[in-house]
Amino acid sequence: MAMAMASSISLCFFTLFALHSSFLILAHSVAGASEPEEFVVALDHSNFTDFVSKLDFLIVSFYTPRCGHCKKLAPEYEKSANILSKHNPPLTLAKVNILDEANTGLAGSKGVISMKIVRDGGKVVQEYKGPEVADGIVEYVKRQYGPASVEINTLEAAQKFISDKKIGIVGIFPQFSGEEFDNYTIVAKKLRPTEEFFHTSDAKLLPRGESSVTGPLVRLFKPFDELFVDTQDFDVDALEKFVEKSIVPTVTVLDGDPNNQRLVNNFMLNANSKVMLFINFSSEIAASFKYKYHELAKLYKGDSFSFLMVDIDAGSHALKQFGVKDDQLPAILILNVRVKYLKTNVEPDQISSWLKKYKNGELQPFIKSEPIPEHNDEPVKVVVAHTFNDTVINSGKNVLLELCAPVSKNCKEFAPTLNGVAISYKSDPNVVIATFNPLENDLVHGEFEIWGFPSVYFKSATGNILPYEGYDTKEDITDFIEKNRSKADDKHNDSNLKDEL
């Protein structure tokens, strides 16, 4: 089953805001002496551990050959592998086909499309969080291969590494040794997939901040708010939290400017509750809203909130996901994991009281749902957000659930197969074959994620939830159901057995 394009918080944000560029997939191998040389190394469960153990560094992409996104990105990955093979020393890009269940779990892949940075013979595995075009991949991989923190010892180096348009973290040390330097290096190694770390013994080389300090001190440069911030707390956890907090602006702006995309990524990946204001930046009320929203963000910033302001031209697709129309703007949204709270036609002075109600648990979550079908007697049952719990989670039945959008070509091609499976189970009261459209309904259960259309899951009568990753044939799907199904009363019997014991 094709699986692509992850959604870490929800489908609409990580797809429509294009925040997650970590799933770079590979070229499909074609055997034959006449074919051009392939530079991406194909690995599987039989040779993965041995191959990885011999290398200090490599990139591994976990893919499915039938995934459309994978096919699109494959040439970029292959081109990068070619270039990096000529690096001194050569740098390796590898691939693993996760359609083979035996490959599940390699480098912590969990059987889903992902890309990993593998270090120290497999002892350290990190998520790849770089670009998805060849030049960007090459630059990112070279930086990941080099030292976690780069020394700045000349003015030219400082001008090269510390830019007015990007984030840079610099450790200032009288000498590059000792507990503070070691802890700084630990944090640099952990956060290097997304952040750039440097160190120097001469603060006079740096563009901003007190130049007479000798350290130990960490100075984080950023293109927003106060432009730089310092800390002398070298506890590893405290230093990591300092970085994570400092790289998110008081108010992040999504306005179509590519220079802001990295900051939007930081906003979305931050663990705070996310407050988002959707407004027309060219409207007469925009200036008043921006000022009051910024003041509110400063007031609440230390209270586990992060704030985003979205111009409707850049966020129109996201607005459609919530059914918000232009005449309902400005609109404000709070996103907490998978739970949303939405208010339309909001006034500037209403935002603060709305946040207080949220903190006090006085708001009702916003759940987007299609109407409950009046007639739902087809072999494949339609599930909407308002019926999801009753039909899937708490049904006490074995449920094969398709997450799919009717407009998707893949979903249209898969429909006859799913219908055939449903017909074969029509007389079985303990098996339900269902479909759910995540473009028109909120999917608020964390066990289900969208990895492409269609994504298929099986929930047994006893509550076990498994993704289906096999071929889209009636026979394979039926075998999967029979292998994993359970009786509706198994859960009751298990409970009685525990009571007796």
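Looking at an unreviewed UniProt entry, one finds the chain named protein disulfide-isomerase, with Momordica charantia as its source organism. Its UniProt record gives the chain the following Sequence similarities (unreviewed entry) comment, quoted word for word: "Belongs to the protein disulfide isomerase family." UniProt, in its Catalytic activity (unreviewed entry) section for the chain, records the words "Catalyzes the rearrangement of -S-S- bonds in proteins."

S.K.: Pulling in residues and values, what's your account of the overall build of the chain?
M.R.: Scanning the chain for helices and strands turns up 15 helices and 20 strands. Counting all 501 residues of the chain, 48% fall into the buried class. Restricting to contacts in the chain with at least 6 residues of sequence separation, those with at least 24 account for 70%.

S.K.: Mind laying out the sheet that holds strand β3 (residues 92-97), listing which residues take part and the relevant values?
M.R.: Read across the sheet, five strands follow the order β1-β3-β2-β4-β5 without closing on themselves; strand pairing throughout is mixed. The two strands at the open ends of the sheet, each matched to only one other strand, are β1 (41-43) and β5 (124-127). Each strand of the sheet is rotated relative to its neighbour by a mean of 30°, with strand direction disregarded. By the bridge criterion, four bridges tie strand β4 (residues 114-119) to β5 in an arrangement that is antiparallel.

S.K.: Outline helix α4 (residues 134-145), listing residues and values.
M.R.: Taking 1.5 Å as the rise per residue, α4 with twelve residues should run 16 Å; its terminal C-alpha atoms sit 16 Å apart, in good agreement. Taken together, the buried positions of α4 are occupied by Ala134, Gly136, Ile137, Val138, Tyr140, Val141 and Gln144.

S.K.: Would you mind going over the state of the cysteines in detail, with residue names and values included?
M.R.: The tally for this structure, following the rule as stated, stands at one disulfide. Between the sulfur atoms of Cys404 and its disulfide mate Cys411 the distance is 1.4 Å. Handedness here is read from the sign of the S-S torsion; for Cys404 and Cys411, about -110°, the answer is left-handed. Overall, Cys404 belongs to the buried group, its relative accessible area being 4%.

S.K.: Tell me what's going on with the packing of helix α9 (residues 286-300) against helix α11 (residues 350-359), and back it up with residues and numbers.
M.R.: It is at 10 Å that the axes of α9 and α11 come closest, and there the two elements cross at 35°. Where α9 crosses over α11, the two elements pack in a sense that is right-handed. In contact with Phe289, Tyr293, Leu296 and Tyr300 of α9, α11 contributes Ile351, Ser352, Leu355, Lys356 and Lys359. Along the lines of polarity and charge, the residues of the contact of α9 with α11 split into six nonpolar, one polar and two charged.

S.K.: Before we move on, could you go through the pairing of strand β20 (residues 465-468) and cite the residues and values that matter?
M.R.: Looking at chain direction, strand β19 (residues 455-459) and β20 are connected through four bridges and run antiparallel. Residue pairing in the sheet places Val456 in a bridge with Tyr468 of β20. Counting the residues in the hairpin turn of β19 and β20 gives five residues, including Gly463, whose phi is positive at 105°.

S.K.: Residues and numbers for the pairing of β3, please.
M.R.: With five of six residues buried, β3 lies mostly within the body of the structure. As judged from the three bridges shared by β1 and β3, these two strands associate in the parallel manner. Each bridged residue has a counterpart across the sheet, and for Leu43 the counterpart in β3 is Val96. Bridge count for strand β2 (residues 57-63) against β3 is six bridges, and the pairing is parallel. In the strand pairing of β3, Ser61 is matched with Lys95.

S.K.: Could you give an account of the environment of Glu440, with specific residues and numbers?
M.R.: The topology assignment puts Glu440 in the loop between β18 (431-436) and β19. By relative accessible area, which is 36% here, Glu440 ends up partly exposed. Ignoring any residue separated from it by four or fewer positions in sequence, one finds Glu440 in contact with Lys368, Ser369 and Glu370.

S.K.: Now, about the pattern of salt bridges: what can you tell me, with residues and values included?
M.R.: Overall, the coordinates contain 14 salt bridges when judged by the stated rule. Between Glu196 and Lys166 there is a salt bridge; the shortest N-O distance is 3.5 Å. Of this pair, Glu196 sits in the loop between α6 (179-191) and β8 (197-200) while Lys166 sits in the loop between α5 (155-161) and β7 (168-172), and the two are 30 residues apart along the sequence. Across the pair Asp230 and Arg219 runs a salt bridge whose closest N-O atoms are separated by 2.9 Å. One end of the pair, Asp230, is in strand β10 (residues 228-231); the other, Arg219, is in strand β9 (residues 217-221), and eleven residues separate them in sequence. The class for Asp230 is partly exposed, based on a relative accessible area of 32%. You can call Arg219 buried: its relative accessible area is 0%. Within the structure, one salt-bridge network assembled from shared partners comprises Asp428, Glu482 and Arg485.

S.K.: Any details on the confidence of the model for the chain? Residues and values, ideally.
M.R.: Mean pLDDT over the chain: 85, with 89% of residues reaching 70 or higher. Scored below 50 in pLDDT, residues 1-34 shows 126 contacts in the model against residues more than four places distant or in partner chains.

Conventions used here
- Residues numbered from 1 in each chain as written.
- Predicted model: local features only at pLDDT ≥ 70, side-chain atom pairs only at ≥ 80, totals over all residues.
- Heavy atoms only, no water.
- UniProt positions renumbered as here; feature names shortened; annotations may be inferred.
- Helix = DSSP H or I, 4+ residues; strand = E, 2+ residues; numbered from the N terminus.
- Buried < 20%, exposed > 50% of the residue type's maximum accessible area, 1.4 Å probe, protein only.
- Contact = heavy atoms within 4.5 Å.
- Pairing = 2+ DSSP bridges.
- Axes fitted to C-alpha atoms, helices over the stretch in contact; angles between N-to-C directions.
- Expected span 1.5 Å × (residues − 1).
- Disulfide = S-S within 2.5 Å.
- Left-handed = near helix turned anticlockwise from the far one by under 90°.
- Nonpolar A, V, L, I, M, F, W, Y, C, P; charged D, E, K, R; others polar.
- Salt bridge = Lys/Arg side-chain N within 4 Å of Asp/Glu carboxyl O.
- pLDDT = per-residue confidence, 0-100.

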